[in-house]
Amino acid sequence: MSRVAKIDENIYCPKCGKHEHQVKHGKNKSGSQKYRCNDCNIDYTPEPRPWQYSEEVREQAIKTYYSGVSGRKVGLLNNFNKSNVYNWIKKRNK
Ligand SMILES: [Zn+2]
């Protein structure tokens, strides 16, 4: 192989741990870049979603929302995106 691929230290195969032979391979539902390891033929998302908040944080946000604060305001108060708040409420109501 003559072409030298750029190696991103953050991108590595969860199975074989290689940084080489990792190619972009579409996006997942939440819009994160997915990668594929050409050695193992597996797809993966390198970074877990940054909006993985603890149960407590979510509960608190939902409580605040139900106390009459808008989703947007809840997001601002807790420093996360308002769509997170709506998602949690949606999930909870299922
Ligand atoms: Zn691999």
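Since the structure is predicted, the reported quantities are computational estimates derived from the model, not experimental observations.

S.K.: Before we move on, can you summarise helix H3 (residues 82–93) with the specific residues and values?
M.R.: Compared with an ideal rise of 1.5 Å per residue, which puts 12 residues at 16 Å, H3 spans 17 Å between its outermost C-alpha atoms and is within 8% of the ideal. Burial in H3 covers these residues: Asn84, Val85, Trp88 and Ile89. Down the axis, H3 shows its buried residues gathered within 130° of arc, on one side only. Seen from the open side of H3, the exposed residues pointing more than 90 degrees away from its buried face are Lys90, Lys91 and Asn93.

S.K.: Could you give an account of the coordination of the zinc ion, naming the residues involved and the relevant values?
M.R.: Ligation of the zinc ion by protein atoms is provided by Cys13 (SG), Cys16 (SG), Cys37 (SG) and Cys40 (SG), these donors lying 2.2 to 2.4 Å from the ion. Taken together, the 4 donor atoms surrounding the zinc ion define angles of 101 to 114° at the centre, an arrangement classified as tetrahedral. Along the chain, the residues that donate to the zinc ion are spaced as C-x2-C-x20-C-x2-C. For cysteine 37, a relative accessible area of 0% translates into the label buried. Here cysteine 40 falls in the partly exposed class, since its relative accessible area comes to 22%.

S.K.: Can you tell me about the sheet that holds strand E2 (residues 33–37), naming the residues and giving the values?
M.R.: Read from one edge to the other, the open sheet built from 3 strands follows the order E1-E2-E3, with strand pairing classed as antiparallel. Edge positions in the sheet fall to strand E1 (22–27) and strand E3 (42–44), since each has one partner strand and no second. Averaged over all pairs of adjacent strands, the angle between strand axes in this sheet comes to 35°, irrespective of strand direction. The pairing of E2 with E3 spans 3 bridges and is classified as antiparallel. Its bridge partner being in E3, cysteine 37 is matched across the sheet by isoleucine 42.

S.K.: Can you tell me about the packing of aromatic side chains, naming the residues and giving the values?
M.R.: On inspection of all chains with the given rule, the structure shows 3 aromatic pairs. Relative to tyrosine 66, the ring of tyrosine 65 has its centre 5.5 Å away and its plane inclined at 80°; by these criteria the two rings are edge-to-face. Under the relative-accessibility criterion, tyrosine 65 is labelled partly exposed at 26%. On the accessibility criterion, tyrosine 66 (47% relative accessible area) is partly exposed.

Parameters and conventions
Residues numbered from 1 in each chain as written. Predicted model: local features only at pLDDT ≥ 70, side-chain atom pairs only at ≥ 80, totals over all residues. Heavy atoms only, no water. Helix = DSSP H or I, 4+ residues; strand = E, 2+ residues; numbered from the N terminus. Expected span 1.5 Å × (residues − 1). Buried < 20%, exposed > 50% of the residue type's maximum accessible area, 1.4 Å probe, protein only. Arc of directions from axis to C-beta. Donors = N, O, S within 2.8 Å, 3.2 Å for Na, K, Ca; no water. Tetrahedral: all angles 85-135°; square planar, octahedral: opposite > 155°, others 65-115°. Pairing = 2+ DSSP bridges. Axes fitted to C-alpha atoms, helices over the stretch in contact; angles between N-to-C directions. Phe/Tyr/Trp six-rings, centres within 6.5 Å; stacked < 30°, edge-to-face > 60°.

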